[in-house]
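So you can see what is in the structure, the chains are spelled out below.
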Amino acid sequence: MKLPRDFFRPLAIGAPEPLREIPFRPSRMIHFFDPSNPKMVAKVPELAGKADVLLGNLEDGVQTEKKVAAREGLCELARSFVPGQAQLWTRVNALNSPWFLDDLLRLVADAGDQIDVIMIPKVEGPWDIHFVDQLLAQLEAKHGLRRPLLLHAILETASGVNHVEAICAASPRMQGISLGPADLAASRRMKTTRVGGGHPGYLVRADPDPADAAAPRATAQQDLWHYTIARMVDACTANGILPYYGPFGDIADLVACEDQFRNAFLMGCVGAWSLHPNQLAVARRVFSPPAEDVTWAKRVVASMGDGSGAVMLDGKMQDDATVKQCRVMLDYARTIAERDPELRAAYALD
Ligand code: GLV
Ligand code: MG
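Cut-off values and rules
- Residues numbered from 1 in each chain as written.
- Chains lettered and ligands numbered in written order.
- Predicted model: local features only at pLDDT ≥ 70, side-chain atom pairs only at ≥ 80, totals over all residues.
- Heavy atoms only, no water.
- Helix = DSSP H or I, 4+ residues; strand = E, 2+ residues; numbered from the N terminus.
- Rg over C-alpha atoms; globule rule 2.2 N^0.38 Å.
- Buried < 20%, exposed > 50% of the residue type's maximum accessible area, 1.4 Å probe, protein only.
- Contact = heavy atoms within 4.5 Å.
- Areas by Shrake-Rupley, 256 points an atom, 1.4 Å probe, with all protein chains shown as cover.
- Lys, Arg positive; Asp, Glu negative; His and termini not counted.
- Charge placed at Lys NZ, Arg CZ, Asp CG, Glu CD.
- Axes fitted to C-alpha atoms, helices over the stretch in contact; angles between N-to-C directions.
- Left-handed = near helix turned anticlockwise from the far one by under 90°.
- Nonpolar A, V, L, I, M, F, W, Y, C, P; charged D, E, K, R; others polar.
- Phe/Tyr/Trp six-rings, centres within 6.5 Å; stacked < 30°, edge-to-face > 60°.
- Lys NZ or Arg CZ within 6 Å of the ring centre and 35° of its normal.
- Donors = N, O, S within 2.8 Å, 3.2 Å for Na, K, Ca; no water.
- Near = heavy atom within 4 Å.
- Polar contact = N/O pair within 3.5 Å; in protein donor to acceptor, adjacent residues only side chain to side chain.
- Pairing = 2+ DSSP bridges.

Teacher, can you tell me more about the overall build of the protein here?
Summing up its helical and strand segments, the protein has 13 helices and twelve strands in all. Relative to the globule expectation of 20 Å for 350 residues, the C-alpha radius of gyration of the protein, 22 Å, shows essentially globular dimensions. Over its C-alpha atoms, taken along the principal directions, the protein stretches across nearly 70 × 55 × 45 Å. Of all 350 residues assigned to the protein, the portion counted as buried reaches 47%. Contacts spanning at least 24 positions in sequence make up 71% of the contacts within the protein whose residues lie at least 6 apart. Accessible area of the protein: about 17,000 Å², with a carbon and sulfur share of 55%. Across the protein, the mean location of the 38 positive side-chain charges is 3 Å away from that of the 43 negative side-chain charges.

So what exactly am I meant to see when it comes to the packing of helix α3 (residues 100-111) against helix α4 (residues 126-142) here?
One way to put it is that α3 packs onto α4 with a least axis distance of 10 Å and a crossing angle of 35°. Between α3 and α4 lies a crossing of right-handed hand. In this structure, α3 contributes F100, L101, L104, L105 and V108 to the contact, and α4 contributes F131, V132, L135, L136, L139 and E140. Of the residues belonging to the contact of α3 with α4, the class tally is ten nonpolar, no polar and one charged.

Explanation requested: the packing of aromatic side chains in the structure shown.
Each aromatic ring pair is specified by the distance between its two centres and by the angle formed by the two planes. Across all of its chains, the model carries nine aromatic pairs by this definition. On the basis of an interplanar angle of 25° and a centroid distance of 4.4 Å, the ring pair of F32 and W273 is categorised as stacked. Linking F32 in strand β1 (residues 29-33) with W273 in strand β10 (residues 272-274), this pair joins segments that are 241 residues apart in sequence. Comparing F32 with W273 shows no difference in burial state: the two are buried. Look at Y245 and F261: their rings are 5.9 Å apart centre to centre, the planes differ by 55°, and that puts the pair in the tilted class. Placement of the pair is Y245 in the loop between β9 (242-244) and α9 (254-267) and F261 in helix α9, with a sequence separation of 16 residues. An identical accessibility class is assigned to Y245 and F261; each is buried. Within the aromatic cluster, the residues linked to one another by ring pairs are F24, Y245, F261, F265, F287 and Y332. Taking NZ or CZ as reference, K67 lies 5.0 Å from the ring centre of W99, over its face. The residue whose ring lies beneath K316 is W296, and the NZ or CZ to ring-centre distance is 5.5 Å.

Can you walk me through the coordination of the magnesium ion (ligand 2) in this structure?
By definition of the ideal shapes, four donors in a tetrahedron about a metal sit 109.5 degrees apart, and six donors in an octahedron sit 90 or 180 degrees apart. Each protein donor to the magnesium ion (ligand 2) is listed here as E156 (OE) and D183 (OD); together their distances run 2.1 to 2.2 Å. You can see E156 sitting in the loop between β5 (150-155) and α5 (158-162) and its partner D183 sitting in helix α7 (residues 181-188), a full 27 residues away along the chain. On the basis of relative accessible area, E156 is assigned to the buried category, the value being 3%. Taking the relative accessible area as the measure of exposure, D183 reaches 23% and is therefore partly exposed.

Looking at this structure, I do not really get the site of ligand 1. What am I missing?
Surrounding ligand 1, one finds R91, E156, G180, P181, A182, D183, P247 and W273. Residue R91 places a side-chain N or O atom 3.0 Å away from an oxygen atom belonging to ligand 1. At 2.8 Å, a backbone N or O of D183 approaches an oxygen atom of ligand 1. Protein chains bury 93% of the 190 Å² of accessible surface belonging to ligand 1 in isolation. Split by residue class, the shell around ligand 1 holds four nonpolar, one polar and three charged.

In this structure, what is going on with the sheet that holds strand β2 (residues 53-57)? I would like to understand it.
Strand pairing in a sheet relies on backbone hydrogen bonds, with the paired strands running either antiparallel or parallel. With respect to topology, eight strands assemble into an open sheet ordered β9-β6-β5-β4-β3-β2-β1-β10, the strand pairing being parallel. Of all the strands in the sheet, just β9 and β10 have a single pairing partner and so form its edges. Averaged over all neighbouring strand pairs, the angle between strand axes comes to 25°, with direction disregarded. The strands that helix α2 (residues 67-80) touches are β1, β2 and β3 (87-91); relative to β3, the one it contacts most, it runs at about 165°. Most of the contacts of α4 go to β5, to which it runs at about 155°, and overall it touches β4 (117-120), β5 and β6 (174-179).

See the structure below:
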């Protein structure tokens, strides 16, 4: 086993020191665009004011014959990208694909200073992260990067879910994990054909009425992703990195998209992917604490003094544990307020 003291040593001579803490910057929506598509690229400057993260996608969704154009398009865009607006991330091709190596070689050489986070798809276990970690250190040293590139794994294989804790802990570069429900469904041999979201067939049904066996029985649809999101949130949080819901493929169904995003938010996720500009507002609404929750959290913290003991507020018991939850809400709201002036005004935090 690697010695704990070696964990924060650079993996190559001349590579930057790994970070001790993963910076928390708002990343409520990770907006995907195809850098080989000139129409999408033209929209990037406008979207930089609306999305916390813009992600140049090189993997699935980009046609095979456009893979190289997407890579080159992203390098070109990165050169003129003004850091400080949105963050710029990328999703490279899978480690076993014919494009991964050149994706990494080109991006680090040409855009290593501009890109914040590299998403790695189809991660199977910590060994995938170790490989990328070492390769990145070599490339950072070669190109004189002063800031380490961060890694984000997509949880989209059954093996990845099995090893999710070890993936989170595999490198100090690990920034976060996104659920990839489409590939995960395929890998698990689930019998769905969608990109995330629920399924009307996955439900529970009330018992039959003993007096009328033919009477209709209420059903309630269940969340197919609950187990995986819960596991991912625990693994990420226990390792000081950030969990995200991934894509919601039914672009026209903003209502169900919002429900899926909100379930993830309530369970601890800090953001989701947006595949279409219409999903940006949904993600912003869901992954920003509601102003009334912030007001309530302020009241609880103020009424609890040093945080010990218990008080009743509007008939609800408050104690050390509710104060801690309220502090989570307030800390998060403060971070969001720095990026979002409208919410800063609504939260009225000092
Ligand atoms: C995302 O990449 C997914 O497979 O859902
Ligand atoms: Mg996928």
